[in-house]
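# Residue-level structure breakdown
Here is what each chain is made of, one letter per residue.
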Amino acid sequence: MSESTEPSLSNLSREERRFEPPADLVASANVTEQVYAEAESDRLAFWESAAQRLSWGTRWDRVLDWDDAPFGKWFVGGELNASYNCVDRHVEAGNGGKVAFHWVGEPEDDTRTITYSDLKDEVCRAANALTDLGVSTGDRVAIYMPMIPETVVSMLACARIGAIHTVVFGGFSADALANRIEDCDATLVITADGGYRRGAPSALKPAVDDAVGRSPGIQNVLVVRRTGQDIAWGDKDVWWHDVVDKASSEHTPENFDAEHPLYVMYTSGTTGKPKGILHTTGGYLVQSAWTHWAVFDLKPETDVFWCSADIGWVTGHSYIVYGPLANGCTSILYEGTPDTPHRGRWWEIVQQYGVTIFYTAPTAIRACMKWGKDIPEQFDLSSLRVLGSVGESINPEAYVWYRDAIGGGTAPVMDTWWQTETGAHMISPLPGVTAGKPGSAMQGLPGIVVDVVDDTGASVPDGSGGYLVVREPWPAMLRTLWGDDQRYKDTYWSRFPGMYFAGDGAKKDEDGDIWLLGRVDDVMNVSGHRLSTTEIESALVSHPKVAEAAVVGAKDESSGQAVVAFVILREDAGDGGPDVVAELRQHVTKEIGAIAKPKSIMVVPELPKTRSGKIMRRLLQDVAENREVGDATTLADTSVMDQIKSGLSSGKADED
Ligand code: ATP
Ligand code: MG
C-alpha cells in the first residue's frame, strides 16, 4: 500500500445528531467562545492568566522554558505549595466550614462529612507524622489504599512536605506494587488493613507485606485501620491512628519550585508495561484546576461534583484531588462499586447528595446501558447539569443514552480526551460553547494545540484520519519518565519531530472536529484499508441488542487482516436469538460499509479490561489468531479470557 495515496486511517462513520448547549448554561458559562480566540492569539498569556487561579508564594518570571525540548519547564522561578492551594487558602478565605468531601463508604450508612477545616487539620497532622517517620522533600511514598479520605490526606501530606507520591491502585497485586516501589525507590508505604469491595472486607495489607518483604528500601509502613480485619504486624508497621491522630494540626507549608516533582503515576498498562509518568507542581496544578473549572462549568459555591474514577488512576488525581480541591468545591468520594448492594447505588448517591456534575468512563456507562434504563429511572437525577466521560471513545449510542437516561435529555456530555501523560484534559467540548456531536471529543481546549497528521507529519485535511499529535507544549505535560529520559524521548517525541505523539488515531470531520479512533497499535489493515477499532465498535453498539463491543484484526489469507468482533448483549436482548450474528454483520455493513463487516462475531459474557476499565484488544487478538494469550497482568479479571476461549470452542462464532 502506498503511503501517499492511501489515507493513514479510513473515515467510515457519519453522525448527524447535534446537541446545542442549554440556554441557561450559555447565559452563565464560565468560558465563552472568545476565550479560544484569546488563547490562540497569545497562548502563553492565556496560561499565565489561568495561573492566577492559584496562590503563589513567588511569582514566576518566565511562563515557559522550552529551550531544552522536549524537556520543558513551566512558570519558571515560581514557587507554591500544592497542599496550601488545595486546602489552607480556602480556610483562610473563610470557607473552612464548607464540605470538601461527602465520603460514602461501601457499607450502607457508613459516611463521613469532611470540611475544608477538617481536611486542613488532618493533612497537617499527616504531614507532621510523615516528617517524624523520616520522610523528607524529594523522597518517594507509595500509597496503596481503598477509596477513603485518608488516601486524599496522604497525597496532600506528601505534597505539603515536597515528598513525591506514587499511588498504586488498591486492586493491584503484590507484584505490581513491588515493581512500582522498586521503580521509583519508595521509602514509605501508606496502606490500610483492607477496604470494602462488593459487600465484603477485602484485604490490602498481605499484598503490602509481600511487596515490602522484597523491597529493602522501605523504612516504614503506615497503616490505616479501615475494616478491622486481622492482619500480620511487622517491625516496620505503624498504625495511622497512633502517629497521625497524635500529631500536631499545626504545620507551616513550605513553598516549592514550580518544577518540583509532585507525583509519579504509572499508566494503566493497556498496551504493555506501565510507564512511570512524572508530573511536577505548578503547571500541573494550573491546568488541572483550569480544566476542571472550564470543562465542567464548575460553580464552586453551588456545585456538587462527582468523579467516579479510582484515585489510583490519573483521573482520580486530577479530578478528585488536585483540580476540585484547588477550586475549593464540594465533591463526592465513594468507596464502592456501582452495583453494590444494588445496581442503582450510584444514582441513589446522586439523588441523596444532589450531585450536579458527574464524571465517569464509557465502560461504566455501557454497563448501565446493559442493565437497562429502568434502574436510573427509579431515582431523581434532576440535579445533574453537566456530564463527563473519559478513558475511551464514548460510542454515539452510549453518549445519547447517558445524556437521556442520566442527564434527563438536557445535560451536555463532555467527552474529555487526555492521558496519564497529559495530566489534564486536552480535547473536550465546553458546556456553554460547544454544540456537541455524540462520539466526538470536538476541539483542543483553549491553550492546547492538537492536530491530526499523516505518516509524514503533515496535517490531514478535514474529513480524513491519521495520528493524533500535540504541536505545542502544555502546562500539565509529563516532564519525563521516572529515571528514563531517553525512553521519554523515544516514546513520545521521536515518531514526528517536534510533536508529541500520543499513540492514538483520530480523524477530523468535515467541520474539523476531532474524533478519537482508538490506539494506532490496534489499527487493522483490511484489503489495503486502514480501519480503526472505534468506528466498527460504535456501529455494533448502535444495534439495539448490543451493550459493548470490541473489534480486532486477525490474520487472514485473502484480505491481510479480517475484522473479528466480540460483543456483549444487553440484558433485555436475552441470548440475542439464533440470527444475532448475521443481523449484526448486516448492521455494520449498513452503518459503515461492507469493508468493515466483521468476518466473525462472538457473543461473550465479558470483555478483557484493565483495572481502569479499558478493553485490552491485544489479548482478544491473541484469541482471534489462536495464539497463547500474552501478558495479562494488568487485566482486572483473569478468568475472563478463559470464559471467552471456552465460548469460542463451543462454536458461537460465525464464519463465512
Ligand atoms: P498504557 O499507556 O500503559 O498502555 P493507557 O494508555 O490505557 O495505558 P491511560 O493514560 O490511563 O493509560 O489512558 C490514556 C488513553 O486512554 C488515551 O491514549 C486514549 O487511548 C484513551 N482515552 C482517554 N480518554 C479518551 C477519550 N475521551 N476518547 C478516546 N480515547 C480516550
Ligand atoms: Mg497510554
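Going by the structure above, here's the rest.
In what follows, the accompanying structure is described.

Thresholds, definitions, all that
Residues numbered from 1 in each chain as written. Chains lettered and ligands numbered in written order. Predicted model: local features only at pLDDT ≥ 70, side-chain atom pairs only at ≥ 80, totals over all residues. Heavy atoms only, no water. Helix = DSSP H or I, 4+ residues; strand = E, 2+ residues; numbered from the N terminus. Buried < 20%, exposed > 50% of the residue type's maximum accessible area, 1.4 Å probe, protein only. Contact = heavy atoms within 4.5 Å. Areas by Shrake-Rupley, 256 points an atom, 1.4 Å probe, with all protein chains shown as cover. Salt bridge = Lys/Arg side-chain N within 4 Å of Asp/Glu carboxyl O. Pairing = 2+ DSSP bridges. Axes fitted to C-alpha atoms, helices over the stretch in contact; angles between N-to-C directions. Core = buried A, V, L, I, M, F, W, Y, C linked by side-chain atoms within 4.5 Å.

The next thing to look at is the overall build of the protein chain. Broken down by element type, the protein chain carries 19 helices and 30 strands. Dimensions of the protein chain along its principal axes, counting C-alpha atoms only, are 70 × 60 × 50 Å. Taking all 656 residues of the protein chain together, 62% fall into the buried category. The long-range share in the protein chain, meaning contacts at least 24 apart out of those at least 6 apart in sequence, stands at 72%. Carbon and sulfur atoms form 46% of the exposed surface of the protein chain, whose accessible area is close to 23400 Å².

This model, assessed by the stated rule, comprises 45 salt bridges. Notably, a salt bridge pairs E392 with R617, separated by 3.9 Å at the nearest N-O pair. You can see E392 sitting in the loop between β19 (386-389) and α14 (396-406) and its partner R617 sitting in helix α18 (residues 617-624), a full 225 residues away along the chain. R617 carries the same exposure label as E392, and that label is buried. Put simply, R366, E392, E537, E548, E606, K609 and R617 are held in one network by salt bridges that share partners.

With that out of the way, let us pick up the pairing of strand β10 (residues 200-203). Successive side chains on a regular strand alternate, one facing one side of the sheet and the next facing the other. Two strands pair when backbone bridges link them, and strand β9 (residues 194-197) and β10 are joined in this way by four bridges, in the antiparallel orientation. Bridging across to β10, Y196 finds its partner in P201. In sequence, β9 turns back onto β10 through a hairpin of two residues, with R198 there showing a positive phi of about 50°.

This paragraph deals with the sheet that holds strand β21 (residues 450-453). Here we have four strands laid out as an open sheet, ordered β21-β22-β24-β25, and antiparallel in their pairing. Two strands lie at the open edges of the sheet, namely β21 and β25 (514-519), each paired on one side alone. Taking each pair of neighbouring strands and ignoring which way they run, the sheet shows an average axis angle of 45°. The pairing of β21 with strand β22 (residues 465-470) spans four bridges and is classified as antiparallel. Residue D451 lies in a different strand from β22, and its bridge partner there is V469.

As a further point, take the nonpolar core. Counting residues in hydrophobic clusters, the biggest one holds 139 residues, and the most contacted among them are F75, L156, Y322 and L325. With sequence-adjacent residues up to four places away left out, Y322 is seen in contact with A82, C86, M155, L156, A159, H165, L262, Y263, Y284, L285, S288 and H317. Membership of the second largest hydrophobic core comes to 56 residues, among which are W346, V350, I406 and L531.

None of this, on its own, says anything about what the molecule does.
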